[in-house]
Amino acid sequence: MTLRARIALLTTGLLLVALLVLGVVLHGLLGNFLLGSLKRDLVEASAQVVRLLNLGGQALLEAGLPADLYAEIQLVLEEDPALLAREGGISLQRSPALGAHRLLLSQEAYRALLDRGEVWTEVALPREGPPLVLLVYGRKVEVRVGGTPWKGLLLVGRPVEGVRATLAQFARLYAATALLVLLLVFLLLRPLLARALEPLEWVAAKARTLVGPEGALPRRIEPLPEPLVQDEVGSLVRALNGMLLRLQKALEAQVRFLQDASHELRTPLTAILGHVGYLLRRTPLTEAQRESLEVVKREAERMGKLVSDLLELSQTGSWRLEPAPLRLLDLLEEAQEEFSKSFEGEIRVEASPDLWVLGDRDRLHQVFANLLSNALKAGAKTVWLRAFGVEGRVVVRVEDDGEGIPEEHLPHLFERFYRVDKARDRARGGSGLGLAIVKAILEAHGGEIWVESEVGKGTAFSFTLPSAAPPPPPP
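One structure accompanies this document, and this report is about it. (Residues numbered from 1 in each chain as written. Predicted model: local features only at pLDDT ≥ 70, side-chain atom pairs only at ≥ 80, totals over all residues. Heavy atoms only, no water.)

## A closer look at the overall build of the chain
Then, number 1: Looking only at helices and strands, the chain features eleven helices and twelve strands.
Then, number 2: When the 475 residues of the chain are sorted by exposure, 35% land in the buried category.
Then, number 3: In the chain, once contacts between residues fewer than 6 apart in sequence are set aside, the share between residues at least 24 apart is 61%.
Then, number 4: Carbon and sulfur atoms make up 60% of the accessible area of the chain, which totals about 27,700 Å². (Helix = DSSP H or I, 4+ residues; strand = E, 2+ residues; numbered from the N terminus. Buried < 20%, exposed > 50% of the residue type's maximum accessible area, 1.4 Å probe, protein only. Contact = heavy atoms within 4.5 Å. Areas by Shrake-Rupley, 256 points an atom, 1.4 Å probe, with all protein chains shown as cover.)

See below:
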């Protein structure tokens, strides 16, 4: 997921949470306000009912109360909450809105009213459809009805459906508004983020242009143009320029080392080739001695080519490959012949003579030499060099019956300078670069390599190479 998408999702998510919290708070505040207003109206209405009854009784009560006010005065002969909840007290006066209905509270509400002198509760009156829910305020009162003082319970109530309808309408409007806001924010956020992240994309594009083709080292790293603004992007560009300066110095030091090492290696190799050539031409040799000297000459010439390539690498920044159709069996037998002389075990070759690959002979010989050398160092008694064709590719397997490699090391084998057992590999002359070089050579040929191993049973390195047709016969 891109940074732009993550910022958009995070911003939208935070806004959604904020809108939800705000909606809950506003809904609660509005509900408290409406219910508080309704309660104040009921308290005022209860005082008005008492005043009207004291002034003139039922006639004034019917004339002076709002039509949506439900009121009743009940005379309590026995303070029994259970009895009151079933039958209610004796109804002295009722508002016209009640009609034939009674305001009967629950047992708990009557108990609270008798104990505390007032109570707030809800009462449902039957009607067609859903019952009418009233918010009821009850209090103890003393009134004069027909000139006679009475002590009883005054119950006044009003419907709460208006409050609930208002809250439901508010919730619907707020939800629609919140969704519209989220949609607008999401649509506007994308161009805003694009503009905000444009400098970073520019920096990334400039950084990508610093390196050449894959596998090639840049000859010169130019610093990025620093923006005039003193913001986070400017700080990033300045930090990158500092890093690029240090990288340029490191590359220059590497190039100098490659050039110096190449020149220094040429002298001993030239001396080796000169002396081997003299021995082959001017001295009597046995067949075994001549064969050994031929091997020394061939490997010295191969090393000389590698040194030349190393010098070329320091100058051009990339390895030079000379791919050509090669018969794979010849490469395997050449590696078998070279290593059999110093190997007490057996190297077996299993490959069809019809398998041809497209590759650089010296580079592929380097691959086989590295893999066979690793097998010998692992204490193998038998090494198999197998090859077979699969869908336009050639698969080569180098298997041994050595000590094997623990599973936790397998993902790191092709990393530079990685060694399974540093002390043991150092004693064997390993540097941790062999398999990294093998992987780089095979990838340059368009192939890939993988490894399978089991401790105590051996290791198998497998890699692929592009297949090729045999070259045409010479005229």
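## Digging into the sheet that holds strand β10 (residues 393–400)
Then, number 1: Read across the open sheet, the five strands follow the order β7-β9-β10-β12-β11; overall the sheet is mixed. The sheet is open, and its two borders are formed by β7 (346–350) and β11 (449–454), each paired with just one other strand. Each strand of the sheet is rotated relative to its neighbour by a mean of 15 degrees, with strand direction disregarded.
Then, number 2: Summarising the sheet, β7 and strand β9 (residues 382–390) pair through five bridges and their orientation is parallel. Across the sheet, residue isoleucine 347 finds its bridge partner in β9, namely valine 383. (Pairing = 2+ DSSP bridges. Axes fitted to C-alpha atoms, helices over the stretch in contact; angles between N-to-C directions.)

## Brief notes about the nonpolar core
Then, number 1: In this structure, Leu328, Phe368, Val383, Leu413, Phe461 and Phe463 are the most contacted members of the largest nonpolar core, which totals 37 residues.
Then, number 2: Of all the secondary structure elements, the ones that give two or more residues to this core are α8 (328–340), α9 (361–377), β9, β10, α11 (434–444), β11 and β12 (458–466).
Then, number 3: When residues of this core are assigned to their parent elements, the largest contribution, seven residues, is made by α9.
Then, number 4: The contact partners of leucine 413, leaving out residues within four places of it in the chain, are Ile405, Tyr418, Val420, Leu435, Val451 and Phe461.
Then, number 5: Judged by nonpolar contacts, the second largest core, of 21 residues, contains Tyr137, Val141, Val156 and Val160. (Core = buried A, V, L, I, M, F, W, Y, C linked by side-chain atoms within 4.5 Å.)

## Quick look at the pairing of β10
Then, number 1: Along β10, seven of the eight residues are buried, which leaves the element largely enclosed by surrounding structure.
Then, number 2: Of the pairings in the sheet, the one linking β9 to β10 comprises eight bridges and is antiparallel in character. Note on β10: the bridge partner recorded for phenylalanine 388 is valine 395.
Then, number 3: In this structure, the hairpin formed by β9 and β10 is closed by a connection of two residues, where glutamate 391 is found at a positive phi of approximately 45 degrees.
Then, number 4: Examined bridge by bridge, β10 and β12 share eight bridges and lie antiparallel to one another. Bridge pairing in β12 places valine 395 opposite threonine 464.

## Thoughts on the side chain of threonine 382
Then, number 1: Considering the arrangement of structural elements, one finds threonine 382 in strand β9.
Then, number 2: Accessibility expressed as a relative area gives 12% for threonine 382, which makes it buried.

## A short note on the packing of α8 against α9
Then, number 1: Packing of α8 against α9 leaves a shortest axis separation of 10 Å and a crossing angle of 45 degrees. Between α8 and α9, the angle falls in the class oblique. As α8 packs across α9, the resulting crossing turns out to be right-handed. Side by side, α8 and α9 meet where Leu328, Leu331, Leu332, Glu334, Ala335, Glu338 and Phe339 of the first sit next to Arg361, Leu364, His365, Phe368, Ala369, Leu372, Ser373 and Leu376 of the second. (Parallel < 35°, antiparallel > 145°, perpendicular 65-115°, else oblique. Left-handed = near helix turned anticlockwise from the far one by under 90°.)

## A few points about the side chain of threonine 121
Then, number 1: By the secondary structure assignment, threonine 121 is in strand β3 (residues 118–125).
Then, number 2: When near neighbours in sequence (up to four residues on either side) are disregarded, threonine 121 contacts Leu105, Ala109, Leu134, Leu135 and Val136.

## Re the packing of aromatic side chains
Then, number 1: What the rule picks out here adds up to four aromatic pairs.
Then, number 2: Their ring planes at 55 degrees and their centres at 5.9 Å tell us that phenylalanine 368 and phenylalanine 463 sit as a pair that is tilted. With a gap of 95 residues between them, phenylalanine 368 in helix α9 and phenylalanine 463 in strand β12 connect regions that are remote in the sequence.
Then, number 3: Taking relative accessible area as the criterion, phenylalanine 368 reaches 2% and is therefore assigned buried.
Then, number 4: A relative accessible area of 1% places phenylalanine 463 in the buried class.
Then, number 5: The side chain of lysine 39 reaches across the aromatic face of tryptophan 120, ending 5.3 Å from its centre. (Phe/Tyr/Trp six-rings, centres within 6.5 Å; stacked < 30°, edge-to-face > 60°. Lys NZ or Arg CZ within 6 Å of the ring centre and 35° of its normal.)

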